[in-house]
Amino acid sequence: MVKIKPMEKIVMRQVRGSLEAFLDGKKNLNWIKGTIEKSGVLYYQGMLKDVFDGLRRYNTLSRYKEILEECKKDGWL
C-alpha cells in the first residue's frame, strides 16, 4: 500500500526548505516571496507562522528579519 502524505505537510516542507535556501543566501527576496505566495501555505491558517517559528535559529540574520517584515507588510502573518 502507498502512504499518502497530507497536503499540509508537503506544503510546509516545501516552504520551510525554500525559506532555508533564502536564509542561506542562495535565493533572493522576490524569489522567496513568489514561492510563498504560490505554494498554497497562505490557505492554511497559521501555517506560515509555524514555519517561521521553526526557523528561529536564523532570527539574528538580517535576511530572516527582512522576509518576516515583508510577510507582515503583505498581510501574510
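Thresholds, definitions, all that
- Residues numbered from 1 in each chain as written.
- Predicted model: local features only at pLDDT ≥ 70, side-chain atom pairs only at ≥ 80, totals over all residues.
- Heavy atoms only, no water.
- Helix = DSSP H or I, 4+ residues; strand = E, 2+ residues; numbered from the N terminus.
- Rg over C-alpha atoms; globule rule 2.2 N^0.38 Å.
- Buried < 20%, exposed > 50% of the residue type's maximum accessible area, 1.4 Å probe, protein only.
- Contact = heavy atoms within 4.5 Å.
- Areas by Shrake-Rupley, 256 points an atom, 1.4 Å probe, with all protein chains shown as cover.
- Lys, Arg positive; Asp, Glu negative; His and termini not counted.
- Charge placed at Lys NZ, Arg CZ, Asp CG, Glu CD.
- Axes fitted to C-alpha atoms, helices over the stretch in contact; angles between N-to-C directions.
- Parallel < 35°, antiparallel > 145°, perpendicular 65-115°, else oblique.
- Left-handed = near helix turned anticlockwise from the far one by under 90°.
- Nonpolar A, V, L, I, M, F, W, Y, C, P; charged D, E, K, R; others polar.
- Core = buried A, V, L, I, M, F, W, Y, C linked by side-chain atoms within 4.5 Å.

**Student:** Sorry if this is basic, but what is going on with the overall build of the protein chain here?
**Tutor:** In terms of regular secondary structure, the protein chain is built from 4 helices and 0 strands. Written out in order from the N terminus, the α and β elements of the protein chain read α-α-α-α. The globule rule puts the C-alpha radius of gyration for 77 residues at 11 Å, and the 13 Å found for the protein chain is close to it. Expressed along its principal axes, the backbone C-alpha trace of the protein chain runs to roughly 45 × 25 × 20 Å. A buried classification covers 35% of the 77 residues belonging to the protein chain. Taking the intrachain contacts of the protein chain between residues at least 6 apart in sequence as the baseline, contacts between residues at least 24 apart amount to 66%. When the accessible surface of the protein chain is summed, it comes to about 5400 Å², and 52% of that surface belongs to carbon and sulfur atoms. Taking the average location of the 16 positive side-chain charges in the protein chain and that of its 10 negative ones, the two points are 6 Å from each other.

**Student:** I tried to follow the packing of helix H2 (residues 29–39) against helix H4 (residues 62–73) on my own but got confused; where do I start?
**Tutor:** Relative placement of two packed helices is described by the angle separating their axes and the distance separating the axes. The N-to-C vectors of H2 and H4 enclose an angle of 50°; their axes lie 11 Å apart at closest approach. As far as their axial angle goes, H4 and H2 are oblique. As for how H2 packs across H4, the hand of that crossing is right-handed. Packed against H2, whose contacting residues are Leu 29, Ile 32, Lys 33 and Ile 36, the element H4 presents Glu 66, Ile 67, Glu 70 and Cys 71 at the interface. Grouping the constituent residues of the contact of H2 with H4 by class yields 5 nonpolar, no polar and 3 charged.

**Student:** Is there a simple way to explain the packing of helix H1 (residues 7–23) against H2 in this structure?
**Tutor:** It is the contact of H1 with H2, at a shortest axis distance of 10 Å, that shows an interaxial angle of 175°. In terms of their interaxial angle, H1 and H2 are classed as roughly antiparallel. Where H1 abuts H2, its residues Val 11, Gln 14, Val 15, Ser 18, Leu 19 and Phe 22 lie against Leu 29, Trp 31, Ile 32, Thr 35, Ile 36 and Ser 39. For the contact of H1 with H2, the class distribution of residues is 8 nonpolar, 4 polar and no charged.

**Student:** Can you walk me through the nonpolar core in this structure?
**Tutor:** Most often, soluble globular proteins keep nonpolar side chains buried together rather than apart. Within the largest apolar cluster, 20 residues are counted, with the highest numbers of intra-cluster contacts made by Val 15, Leu 19, Ile 36, Leu 48, Phe 52 and Ile 67. Of all the elements, H1 adds the most residues to this core, at 5 residues.

Note that all results are geometric; they support no functional claim without further evidence.
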